[in-house]
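# Per-entry structural report
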Amino acid sequence: MNLGDITIQDFKNQFFRDFPYLNIWDETKIYNIDNVVYYSVNGLFYKCKNNGTTSIPTTILDWELVNDNILNYVLDADITKAQSEAKLLFNQSLFSSDAEIVLAFNYITAHFLAIDIRRSGEGINSKGEYLANSQSVGSISESKSIPNSISENPYLNIFTTTGYGQKYIGLVLPRLIGRISVVSGATNA
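Residues numbered from 1 in each chain as written. Predicted model: local features only at pLDDT ≥ 70, side-chain atom pairs only at ≥ 80, totals over all residues. Heavy atoms only, no water.

## Some points on the overall build of the protein
Along the backbone of the protein there are 5 helices and 5 strands. In the protein, of all internal contacts separated by at least 6 residues, the share reaching a separation of at least 24 is 49%. Per element, the accessible surface of the protein, about 12,300 Å² overall, is 52% carbon and sulfur. (Helix = DSSP H or I, 4+ residues; strand = E, 2+ residues; numbered from the N terminus. Contact = heavy atoms within 4.5 Å. Areas by Shrake-Rupley, 256 points an atom, 1.4 Å probe, with all protein chains shown as cover.)

In structure tokens, the structure reads:
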């Protein structure tokens, strides 16, 4: 399978509840009370005031202007960037079907997307972090442990910083153990 065939919409379909995607007004859709849309014609956000609305967002009877910013949403460009990062580390030969490839690739993409969105507001102040082994506040303490097979693996331990990365590890790890192939061949006397 060509990883380039996995679309942004495939990602959005898999993670339809996970990320706040930018809802761009679409003339083919019907909107209802409290639906918020981004109107790309003027770069503003509008909230629907009536059920069954099909008018453009600048129609005062159906829409009201609201204060919002596209940076509060996950954009298609953010997903594309995360997919590019995921392609660098994703080994599709670990999976036996296109459906498995799409599922796993979207999890590694979600991992990079979550990291990228977290880091986007930090800019030059961005600093790396790993999961804490233990934390304490006053008399309360919490301790966590990552299995050695993951924490000591430089490939896998980078995926421990998000839930999506941990899910990806769960999909990949069983496929890394005992992978063998048989190749036919002969020897010369």
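## A look at the sheet that holds strand β3 (residues 63-66)
One open sheet holds the 3 strands; their spatial order is β1-β2-β3, and the pairing between them is antiparallel. Because the sheet does not close on itself, it has two edges, and the strands there are β1 (36-39) and β3. Between one strand axis and the next, the sheet turns through 40° on average, direction left out of account. Examined bridge by bridge, strand β2 (residues 44-48) and β3 share 4 bridges and lie antiparallel to one another. Its bridge partner being in β3, Y46 is matched across the sheet by L65. (Pairing = 2+ DSSP bridges. Axes fitted to C-alpha atoms, helices over the stretch in contact; angles between N-to-C directions.)

## Some words on helix α2 (residues 76-89)
Think of an α-helix as 3.6 residues a turn; residues three or four steps apart then line up on the same face. Look at α2: 21 Å from first C-alpha to last across 14 residues, which is about the 20 Å you get at 1.5 Å a residue. Those residues of α2 lying buried are I79, A82, Q83 and A86. Along the axis of α2, the buried residues cluster in a sector spanning 105°; they form a single face. Set apart from the buried face of α2 by more than 90 degrees, the exposed residues are A77 and L88. Next to the buried residues of α2 lie α1 (8-14) and α3 (98-120). (Expected span 1.5 Å × (residues − 1). Buried < 20%, exposed > 50% of the residue type's maximum accessible area, 1.4 Å probe, protein only. Arc of directions from axis to C-beta.)

## Focus: the packing of aromatic side chains
A complete count under the given rule lists 17 aromatic pairs for this structure. An angle of 80° between the planes, with centres 6.2 Å apart, marks the rings of F15 and F19 as edge-to-face. By relative accessible area, which is 2% here, F15 ends up buried. Centroid distance W25 to Y39: 5.5 Å. Interplanar angle 80°. Geometry classified as edge-to-face. Here W25, found in the loop between α1 and β1, pairs with Y39, found in strand β1; they are 14 residues apart in sequence, far enough to count as distant. The class of W25 is buried, set by a relative accessible area of 16%. Residue class for Y39 comes out buried when judged on its relative accessible area of 9%. An aromatic cluster of at least three residues, connected via ring pairs, comprises F11, F15, F19, Y21, Y107 and Y164. (Phe/Tyr/Trp six-rings, centres within 6.5 Å; stacked < 30°, edge-to-face > 60°.)

## Looking at the pairing of β2
Pairing analysis gives 4 bridges linking β1 to β2, with the strands arranged antiparallel. Considered in β2, the bridge of V36 is made with K47. Counted between consecutive antiparallel strands, the loop separating β1 from β2 contains 4 residues, among which G43 sits at a positive phi close to 70°.

## Describing a nonpolar patch on the surface
On the surface, a cluster of nonpolar side chains totalling about 270 Å² of accessible area is made up of L88, L89 and I158. Secondary-structure assignment places I158 in the loop between α4 (148-151) and α5 (163-176). (Patch = residues over 30% accessible without salt bridge, like charges linked within 9 Å, V, L, I, M, F, W, Y side chains within 5 Å. Salt bridge = Lys/Arg side-chain N within 4 Å of Asp/Glu carboxyl O.)

## Topic: the nonpolar core
Counting 30 residues, the largest nonpolar core has F11, F15, F19, F90, I108 and Y168 as its most contacted members. Counting residues per element, the ones that place at least two in this core are α2, α3 and α5. The element best represented in this core is α3, accounting for 10 residues. Residues in contact with F15, not counting those within four places in the same chain, are Y21, N106, Y107, A110 and Y164. (Core = buried A, V, L, I, M, F, W, Y, C linked by side-chain atoms within 4.5 Å.)

## Focus: the environment of G4
Summarising the element assignment, G4 is placed in the segment before α1. Under the relative-accessibility criterion, G4 is labelled partly exposed at 45%. Sequence separation of G4 and Q83 is 79 residues, and the distance between their C-alpha atoms is 8.9 Å.

Read these as layout, nothing more, since geometry by itself doesn't imply function.
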